[in-house]
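# Architecture and fold: a report
Listed below, chain by chain, are the residues.
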Amino acid sequence: MRRLGLVPLAIGAALWLLPIAGGAQYLRQNPSLRESTATDVKNLRSLAGCWKGRAPTGGDVRLFYQLVSDGTAMIEYLRSVGTATSQFTVYYLDGETLMAHHFCYYGSQVRMKGEPSADPKQVLFKFHDATNLAADRHENHMTYIKLTFVDPDHLVADWGNFDRGKEYPSLFTLTRVVEGCKGLDFSTW
Amino acid sequence: MRRLALTLLAIGGALGPFLSPAAAQEFPGNPSFKNPILPAAKNLASLAGCWVGKNPWGTPSRLTYELASDSTVLVEYIEQQGQVPMYSAYYLDGDTLMVHHFCSYGSQIRMKAEPSPDPKVVRFAYFDATNVKSRESDDHMTSVQFTFLDPDHIEVVWGLHQNRKDHGDRFALTRVVEGCEVRRTVVWH
């Protein structure tokens, strides 16, 4: 059923992507999430698709990951069910270093840098720099992202949050969604 | 009891960006597209929705724009038939409009808005980048310029440095009203 459901999507995408001249095409000398053999990158790109789960207080969340820009970037949409807003993050490589640009609804935009991890099942990003955040960083902002890849269908995402002078973890337990995962579908217009 | 109260307070604080009602989410000191004062930001915010048109080679192209992260970022998704989709994120750094373009070249370009004498034109020029080692020899995006012709028609020129030469790719776009569904919202259960 999973395969059957994805076939029409794949055919539609293939027709739309029949090569036509012009525009920017991937340059082989640049790093690619799709091509990299690094463990942390392989883990990250395995997220592509839909996820659902619970926030620490029990609220439902939905996430969507998609490899874009010829496999050189991965976008993440996070939505808390029952709220009107979504949050947007883009993951990419700067040379061999993983980066994340988080567009926070605090109104700050935080760039985070991948850190080496002793645990091959973990990918950790830490604060690198930000816009709309004072140099002393006393305002509320996101500080880190720690992704723990439990197995191919289970993920724990910990979003570090600096709030009123303290840093707090926010643990989300997530399960992959297969049936009904449509993601971005432009076929209706 | 005190510990319990502190724990609940900590959890509430840490989850602020994920679970608060939309109206209360915006960090008031930070800039947003919600009530933009700058005409350029107002113009950009007006893009929210779906657009279709053709690229310079006559290839069908479709774009969506969505305000995310409590309207502090405008996410652009661009598809040109025969090419891979790309994302860009427009946001404000204080009073300055910025865009982070995740290019299929494999470079990620940040561009900054320049003052424009024409209120119908918003132009971004190269600010910095990851994975561009040489601005002379590496192909990369250099600028993006929007001309807001009327509420339903825009022209976008993407500046490109290719084979050591600069040129612009011009897109003429029309707003799509019927059937426009920006499916950044959750479509799975």
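Residues numbered from 1 in each chain as written. Chains lettered and ligands numbered in written order. Predicted model: local features only at pLDDT ≥ 70, side-chain atom pairs only at ≥ 80, totals over all residues.

Helix and strand content of chain A: two helices and 11 strands. N-terminal to C-terminal, the α/β element order of chain A is α-α-β-β-β-β-β-β-β-β-β-β-β. Burial statistics for chain A: of 189 residues in total, 42% are counted as buried. In chain A, the share of contacts with a sequence separation of at least 24, taken over all contacts with a separation of at least 6, comes to 37%. (Helix = DSSP H or I, 4+ residues; strand = E, 2+ residues; numbered from the N terminus. Buried ≥ 20, exposed ≤ 12 C-beta atoms within 10 Å, placed from the backbone. Contact = placed C-beta atoms within 7 Å.)

On to the overall build of chain B, then. Secondary structure summary: chain B contains four helices and 10 strands in total. Secondary structure elements of chain B, listed N to C terminal, follow the sequence α-α-α-α-β-β-β-β-β-β-β-β-β-β. Counting every position in chain B, which comprises 189 residues, the buried fraction comes to 43%. Considering only contacts within chain B whose residues lie at least 6 apart along the sequence, 35% involve residues at least 24 apart.

Before going further, it helps to spend a moment on the nonpolar core. Ala73 of chain A together with Leu44, Val73, Leu74, Tyr87 and Ala89 of chain B are the most contacted members of the largest nonpolar core, which has 88 residues in total. Residue contacts for Tyr87 of chain B: discarding those within four places in its chain leaves Val68, Ser69, Ala73, Ile75 and Val90 of chain A together with Val75, Glu76, Tyr77 and Phe102 of chain B. (Core = buried A, V, L, I, M, F, W, Y, C linked by C-beta atoms within 7 Å.)

With that settled, consider the confidence of the model for chain B. Residues and elements named next belong to chain B. For chain B, the average pLDDT comes to 84, and 81% of its residues sit at 70 or higher. A low-confidence stretch, residues 4–14 stays under pLDDT 50, and its non-local contacts, those more than four residues away or across chains, total 11 contacts. Low pLDDT, under 50, characterises residues 19–25; the predicted model gives this stretch 14 contacts beyond four residues in sequence or across chains. Among the scores for the predicted complex, ipTM is 0.84 and pTM is 0.86. (pLDDT = per-residue confidence, 0-100.)

Residue and element names in this part refer to chain A. Even without being glycine, Asp70 reaches a positive phi, approximately 55°. Relative to the elements of secondary structure, Asp70 occurs in the loop between strand S2 (60–68) and strand S3 (73–80). Using a count of 23 C-beta atoms within 10 Å as the deciding quantity, one classes Asp70 as buried. A positive phi is found at Asn132, a non-glycine position, where the angle reads about 60°. Among the residues examined, Asn132 registers 22 C-beta atoms within 10 Å and is labelled buried.

Confidence in the prediction of chain A, expressed as mean pLDDT, is 84, and 81% of residues score 70 or more. Below a pLDDT of 50 lies the segment residues 185–189 of chain A, which in the model reaches 11 contacts outside its immediate sequence neighbourhood of four places, other chains included.

Turning our eyes to something else, we now look at the environment of Met142 of chain A. Residue and element names in this part refer to chain A. Positionally, Met142 belongs in strand S8 (residues 141–151). On the basis of neighbour counts, which here come to 26 C-beta atoms within 10 Å, the residue Met142 falls in the buried class. For the pair formed by Met142 and Lys113, sequence separation is 29 residues and the distance between their alpha carbons is 13 Å. Apart from residues lying up to four places away in sequence, Met142 is in contact with His102, Cys104, Val110, Trp159, Gly160 and Asn161.

Residue and element names in this part refer to chain B. Here strand S1 (residues 49–54) pairs with strand S10 (residues 165–176) via five bridges, running antiparallel. When the bridges of S10 are listed, Lys54 appears paired with Ala172. In terms of strand pairing, strand S9 (residues 153–162) meets S10 through 10 bridges, oriented antiparallel. Within S10, the residue paired with Val157 across the bridge is Arg170. (Pairing = 2+ DSSP bridges.)

As a further point, take the environment of Gly168 of chain B. Residue and element names in this part refer to chain B. Within the fold, Gly168 resides in strand S10. Linking Gly168 and Pro31, residues 137 residues apart in sequence, is a C-alpha distance of 30 Å. When neighbours within four sequence positions are excluded, Gly168 is seen to be in contact with Val157, Trp158 and Gly159.

Adjacent strands of a sheet form backbone hydrogen bonds with each other and so pair up, either parallel or antiparallel. All names here are of chain B. Ordered by their spatial adjacency, 10 strands build a closed barrel running S1-S2-S3-S4-S5-S6-S7-S8-S9-S10, and the pairing between neighbours is antiparallel. On average, adjacent strands in this sheet sit at an angle of 25° to one another, irrespective of strand direction. With six bridges joining them, strand S3 (residues 73–80) and strand S4 (residues 86–93) adopt antiparallel strand pairing. Within the sheet, the bridge partner assigned to Ile78 lies in S4 and is Met86. (Axes fitted to C-alpha atoms, helices over the stretch in contact; angles between N-to-C directions.)

A word on the pairing of strand S5 (residues 97–103) of chain A. All names here are of chain A. The buried count for S5 comes to five of seven residues, which makes it a mostly enclosed element. Here strand S4 (residues 86–94) runs beside S5; their pairing, made up of seven bridges, is antiparallel. Bridged to Tyr91 within S5 is Ala100. Counted along the chain from S4 to the antiparallel partner S5, the turn is two residues long, and its residue Gly95 has a positive phi close to 65°. With five bridges joining them, S5 and strand S6 (residues 109–115) adopt antiparallel strand pairing. Across the sheet, the residue bridging to Met99 is Lys113, located in S6. Hairpin connection, S5 to S6: the antiparallel pair is bridged by five residues, and Gly107 has positive phi, about 100°.

Residue and element names in this part refer to chain A. Here Thr97 shows up in strand S5. For Thr97, a count of 15 C-beta atoms within 10 Å puts it in the partly exposed group. Placed 57 residues apart in sequence, Thr97 and Asp40 show a C-alpha to C-alpha distance of 9.9 Å. When near neighbours in sequence (up to four residues on either side) are disregarded, Thr97 contacts Lys113 and Gly114.

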